[in-house]
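The chain contents come next:
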Amino acid sequence: MHFAQYYLDCLSQASYLIGDRTTGRAVLVDPRRDIDDYLRDAEAAGLRIELVIETHIHADFLSGHLETARATGATIAFGEAAETGFPTRRLRDGERIRLGAGGGAGNTGGPGEEAGGGVADEDSVGGSVGGSGGVTLTVLATPGHTMESICLVVHENPDDDVPFGVLTGDTLFVGDVGRPDLLSAAGHTPEDMALRLHHSLHTKLMVLPDATRVFPAHGAGSACGRSLSTETSSTIGDQRRLNYALQPMPKDDFVRLVTAGQPATPGYFAHDAALNRDGHPLLEAAPLPALTLEEALAARDQQGAALLDCRPLAAYTRAHLTGSLHTSLDTRFAEYAGSVVAPGTPIVLLTDPGKEQEARLRLARIGYDRVLGHLPDPAAALDGAPALVRHSRRIRPEELPLGAGGLGDEGGAGAEVADGKVVHARLVDDRETHAQLVDVRNPAEYAVGALPGAHSIPLAGLTDRIAELDPSRPVVLYCRSGNRSVIAAALLEAHGFGDVCDVVGGYEAVCAASR
């Protein structure tokens, strides 16, 4: 068997190439949009990608099923419940996909038909698969994260009692389970989906042997769950023991547990889910025009383009173009960009020299293709136009205006932090006595501890909730460590807020300063 995991750190996303070396047949699971790595590795291993399988309709990235089908002729497959705008093979619960001799991954027969033309086996997943030899995948219908979610049990040899592993998609993560609240707009309540998820976990996955390896679709940092591990694989046994959501508990407790404290959903999620379901333009390589500062400003003023500054945080805060947005390439660039730039908005990139193609590709991975061009050397352009330059205002933890405007105790000294730590703060100046303190972390982070009086508005939801803030009053922003707060400050500045600052080092620095 050929088995390879491809993990994309910036999106916390995993895809898989699985093949049988004796026949050269292979399947590709949950591919990203730029598929060159898969094609190169398949060719090097002597494999033909005959089937591209999506474990569900993804919302957090634009999948590469269409690109793979064009490049290889592979059939696209989803779970049986998926409704798509393009031809697919529907995979039925219990269906076997045999890559070994006598199988055929790309067969496009109707639901329930075996790859290679036969009727799908209905044997117990935990027992012998039977049939011809070679690598075999068994489909498990596992609704809960989405209705069409599936998992894939991988056997290297069909008579192995313990599967090699199971690809769990967004049903089971290392340390967490898939969030059940993304289908609310489609009429499915989080509580209903959580009950479906509970059933899928305990009747499909937890019945597998403990030694079965677990290969999820996402890891730490993904907004598809709230407490994913940094580990990219595990075992059923370890998850049975260590995963908080798999501990013995009544169903009602499970529902309450997995529906609470989920991360705010980035604004691009619904956009990407629709494109993955209905179809999208194929990723194409094309030159990226270099623009002058005047042309970049004209694109903003005449076409509504977002000026997206992709430089490192220190360079951006030191000097940036007034009205520009920010998210650095050395962070979760695409996800944060999708949180502050609306889908379909034309974009002009402000990058360090030579970084523009990386920025463009990473935006394309979430379906942001309307990149008009780039400003080749933003620092040099800003040096020549000082009237257009703005400098970020950042404050140290001891400068926090706690005690002002109802944010803490009167006088600003000895204000108590919500988790019991104490911060000694003083007022920055008199005009900050009516400052608005905003926590842009996710709900689960806020629940653990927050500064007194802080408004919880996660970065991913800030665009939709800007009206809750008064642009005539100062705004003080903080996050965990001082990155998301800078992104949020740029967004507020672009919306006309004139007095915005953020806390250097974020909540962690505030707590450290209080010790």
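To be clear, the structure that these remarks concern was listed above.
First, a word on what this report is: a plain description of the structure on this page. Values in this document were obtained by computation on a predicted structure and should not be read as measured data.

Here's the deal with the sheet that holds strand E3 (residues 25-29)
One open sheet accounts for 6 strands, arranged E1-E2-E3-E4-E5-E6; its pairing is mixed. Whereas interior strands pair on both sides, the edge strands pair on one side only; in this sheet they are strand E1 (2-8) and strand E6 (89-91). Strand-to-strand twist in this sheet, taken as the mean axis angle between neighbours without regard to direction, amounts to 25°. Of the strand pairs in this sheet, strand E5 (residues 75-79) and E6 are connected by 3 bridges, and their pairing is parallel. What sits directly across from Ala77, in E6, is Arg89.

Quick word on the side chain of Ser15
Along the chain, Ser15 falls in strand E2 (residues 13-20). You can call Ser15 buried: its relative accessible area is 0%. One polar contact links Ser15 to Tyr38, side chain to side chain, over a distance of 2.6 Å. If sequence neighbours within four positions are ignored, Ser15 has contacts with Ala4, Gln5, Tyr6, Val29, Asp30, Pro31 and Tyr38.

Observations regarding the pattern of salt bridges
The final tally for this structure, using the stated rule, is 33 salt bridges. Close ionic contact of Glu95 with Arg89 constitutes a salt bridge, the shortest N to O distance being 2.8 Å. What makes Glu95 buried here is its relative accessible area of 0%. Close ionic contact of Asp181 with Arg179 constitutes a salt bridge, the shortest N to O distance being 2.7 Å. Taking relative accessible area as the criterion, Asp181 reaches 22% and is therefore assigned partly exposed. Residues participating in the shared-partner salt-bridge network are Arg32, Asp34, Asp37, Arg40, Asp41 and Arg365.

A few points about the packing of helix H9 (residues 333-340) against helix H10 (residues 356-364)
Close contact between H9 and H10 brings their axes to 9 Å; oriented N to C, the two are set at 70°. Taken together, the axes of H9 and H10 lie roughly perpendicular to each other. In terms of crossing hand, the pair formed by H9 and H10 is right-handed. The segment H9 lies against H10, with Phe333, Ala334 and Ala337 engaging Ala359, Arg362 and Leu363. In terms of residue class, the contact of H9 with H10 is built from 5 nonpolar, no polar and 1 charged.

About the cut-offs
- Residues numbered from 1 in each chain as written.
- Predicted model: local features only at pLDDT ≥ 70, side-chain atom pairs only at ≥ 80, totals over all residues.
- Heavy atoms only, no water.
- Pairing = 2+ DSSP bridges.
- Helix = DSSP H or I, 4+ residues; strand = E, 2+ residues; numbered from the N terminus.
- Axes fitted to C-alpha atoms, helices over the stretch in contact; angles between N-to-C directions.
- Buried < 20%, exposed > 50% of the residue type's maximum accessible area, 1.4 Å probe, protein only.
- Polar contact = N/O pair within 3.5 Å; in protein donor to acceptor, adjacent residues only side chain to side chain.
- Contact = heavy atoms within 4.5 Å.
- Salt bridge = Lys/Arg side-chain N within 4 Å of Asp/Glu carboxyl O.
- Parallel < 35°, antiparallel > 145°, perpendicular 65-115°, else oblique.
- Left-handed = near helix turned anticlockwise from the far one by under 90°.
- Nonpolar A, V, L, I, M, F, W, Y, C, P; charged D, E, K, R; others polar.

All we've got here are geometric facts, nothing functional implied.
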